[in-house]
Amino acid sequence: MHRIETRQALQEWRDQLGDHAIAFVPTMGNLHAGHLSLIQCAHRHGQAVVVSIFVNPLQFGPTEDYERYPRTLEHDLAACEAANVSAVFCPTADWLTPDIHNTTHVKPPKQLTQQFCGLARPGHFEGMATIVLKLFHLIRPDIAIFGEKDAQQLAIIRQLVSDLNLNITIIEAPVIREADGLAMSSRNQYLSPSLKSQARLLSRLLASAQSAYSQGNTQANTVLKEALESVLDAELYPDFELEYFEAVDQNSFQPCAMLSDNSRLILAARLGQTRLLDTAMIGDPLFLHPDLAQLEI
Ligand code: PAF
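Residues numbered from 1 in each chain as written. Predicted model: local features only at pLDDT ≥ 70, side-chain atom pairs only at ≥ 80, totals over all residues. Heavy atoms only, no water.

A. Looking closely at the packing of helix α7 (residues 124-139) against helix α8 (residues 151-163). Contact geometry of α7 with α8 gives a least axis separation of 11 Å together with a crossing angle of 50 degrees. One finds that α7 runs oblique with respect to α8. Crossing hand, α7 versus α8: right-handed. Contacts between α7 and α8 pair Phe-125, Met-128, Ala-129, Val-132, Leu-133 and Phe-136 from the former with Gln-152, Gln-153, Ile-156, Ile-157, Leu-160 and Val-161 from the latter. Looking at the contact of α7 with α8, its residues break down into 10 nonpolar, two polar and no charged. (Axes fitted to C-alpha atoms, helices over the stretch in contact; angles between N-to-C directions. Helix = DSSP H or I, 4+ residues; strand = E, 2+ residues; numbered from the N terminus. Parallel < 35°, antiparallel > 145°, perpendicular 65-115°, else oblique. Left-handed = near helix turned anticlockwise from the far one by under 90°. Contact = heavy atoms within 4.5 Å. Nonpolar A, V, L, I, M, F, W, Y, C, P; charged D, E, K, R; others polar.)

B. Looking closely at the confidence of the model for the protein chain. In this model, the protein chain carries a mean pLDDT of 95, and residues with pLDDT of at least 70 account for 96%. Taken together, the stretch residues 293-297 has pLDDT below 50 and engages in nine contacts with residues farther than four places along the chain or on a different chain. (pLDDT = per-residue confidence, 0-100.)

C. Structural view of the sheet that holds strand β9 (residues 274-281). Spatially, three strands are ordered β7-β8-β9 in an open sheet, and the strand pairing comes out antiparallel. The sheet is open, and its two edges are formed by β7 (240-249) and β9, each paired on a single side. Between one strand axis and the next, the sheet turns through 15 degrees on average, direction left out of account. Judged from the nine bridges that link them, β7 and strand β8 (residues 263-271) form a sheet pairing that is antiparallel. Looking at the pairing, Glu-246 lines up with Ile-266 of β8. Contacting β7, β8 and β9, helix α10 (residues 201-214) crosses the sheet at an angle of about 25 degrees to β9. The strands touched by helix α11 (residues 220-231) within the sheet are β7 and β8, with β7 carrying the most contacts at an inclination of about 155 degrees. (Pairing = 2+ DSSP bridges.)

D. Fine view of the site of the ligand. Neighbouring the ligand are the residues Pro-26, Thr-27, Met-28, Asn-56, Gln-59, Met-128, Ile-131, Val-132, Phe-146 and Gln-153. One of the side-chain nitrogen or oxygen atoms of Gln-59 is found 2.7 Å away from an oxygen atom of the ligand. The separation between an oxygen atom of the ligand and a polar side-chain atom of Gln-153 is 2.7 Å. Protein contact buries 88% of the 290 Å² of open area that the ligand shows by itself. Elements with a contribution of two residues or more to the shell around the ligand: β2 (22-27) and α7. Among the elements that make up the shell around the ligand, the one with the highest residue count is α7 (three residues). (Near = heavy atom within 4 Å. Polar contact = N/O pair within 3.5 Å; in protein donor to acceptor, adjacent residues only side chain to side chain. Areas by Shrake-Rupley, 256 points an atom, 1.4 Å probe, with all protein chains shown as cover.)

E. Examining the packing of α10 against α11 more closely. For the pair α10 and α11, the least separation of the axes is 8 Å and the interaxial angle reads 130 degrees. Compared by their axis directions, α10 and α11 come out oblique. Viewed along their axes, α10 and α11 form a crossing whose handedness is right-handed. Here α10 contributes Leu-201, Arg-204, Leu-205, Ser-208, Ala-209 and Ala-212 to the contact with α11, which in turn contributes Val-223, Ala-227, Leu-228, Ser-230 and Val-231. Taken together, the residues of the contact of α10 with α11 sort by class into eight nonpolar, two polar and one charged.

F. The arrangement of the pattern of salt bridges in detail. Considering all chains together, one arrives at 15 salt bridges under this definition. A salt bridge links Glu-172 to Arg-158, with the nearest nitrogen and oxygen atoms 3.6 Å apart. Residue Glu-172 is found in strand β6 (residues 169-173), and its partner Arg-158 is found in helix α8; the two are separated by 14 residues along the sequence. Note on Glu-172: relative accessible area 26%, which makes it partly exposed. Among the residues examined, Arg-158 registers a relative accessible area of 37% and is labelled partly exposed. (Salt bridge = Lys/Arg side-chain N within 4 Å of Asp/Glu carboxyl O. Buried < 20%, exposed > 50% of the residue type's maximum accessible area, 1.4 Å probe, protein only.)

G. Fine view of the environment of Val-88. Within the element layout of this structure, Val-88 appears in strand β4 (residues 87-89). In contact with Val-88, not counting residues within four places along its chain, are Met-1, His-2, Arg-3, Ile-4, Val-51, Ile-53, Leu-77 and Cys-80.

H. Region of the structure containing the packing of aromatic side chains. The final tally for this structure, using the stated rule, is seven aromatic pairs. Considering the side-chain rings of Phe-116 and Phe-253, the 5.9 Å spacing of their centres and the 75 degrees angle between planes classify their relative orientation as edge-to-face. With Phe-116 in the loop between α5 (110-113) and α6 (117-120) and Phe-253 in the loop between β7 and β8, this pair connects stretches of sequence that are 137 residues apart. Across this residue pair, the class does not change: Phe-116 and Phe-253 are buried. Taking 6.4 Å as the distance between ring centres and 85 degrees as the angle between the ring planes, the aromatic pair formed by Phe-136 and Phe-146 counts as edge-to-face. Here Phe-136 is found in helix α7, whereas its partner Phe-146 is found in strand β5 (residues 143-147), with 10 residues between them in sequence. The exposure class assigned to Phe-136 is buried, which follows from its relative accessible area of 3%. (Phe/Tyr/Trp six-rings, centres within 6.5 Å; stacked < 30°, edge-to-face > 60°.)

Here it is in structure tokens:
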């Protein structure tokens, strides 16, 4: 496996691959089973798999966790090697993003960025789209794999690729969950045992809305409200602060009043200082273990 840190080394590696289909997995490191599933997905679609590891300062707000974001490069390199990755691109911020306040930014359309996570994290999606476009130019992949969990990010990347006529196929890889239903995320490790127990409520809310839909309920407001009433108990979840819980059209990412199999549930919640996301298609049940229906904190 090649460990690549400079632009020149990346270009040399890339040039010698010729016509091989390159599948790219962008990450911020601290790799867990969710990332490994993206890498497996990349192997199914490409002949050479490249992973980038870069904690992107452009996508963190001034009060966010950029400094304390977990950086575990040696562990990540070993995980990539074991997963048969061809190359890991791990640039340093001093050359990839030298002056974050004085740089060209990609501005995705407002209708995709000014709601949901974009409201809570102003500038986040600009910073994310900017670095992804830079990585696309440097790596020149044929295919890029993004996790479904960051559903708004994925919608923005699809739009970016289409609007800027990039010749890259975007593939969505499903959310990977811990045994208790919690979607895997590098930020889960910030959670104390009590907050982690309460975080399971995210997947319970999704499952509850899916169950209402499967019983023939198609009014989004009613389904979301009933899901909240049935599982959100302030006494059991004192630290669970719901930021949004919505149903959006899978293609346009705009809220939908009437649910169909094309509707995606999205939610974000804060548990103490930690902000977590989850998502599922409304008609694609999560099959959480029945013992987890009644959570004990
Ligand atoms: O999803 C992430 O880890 C990041 O937003 C990404 C796509 C690697 C860009 O920094």
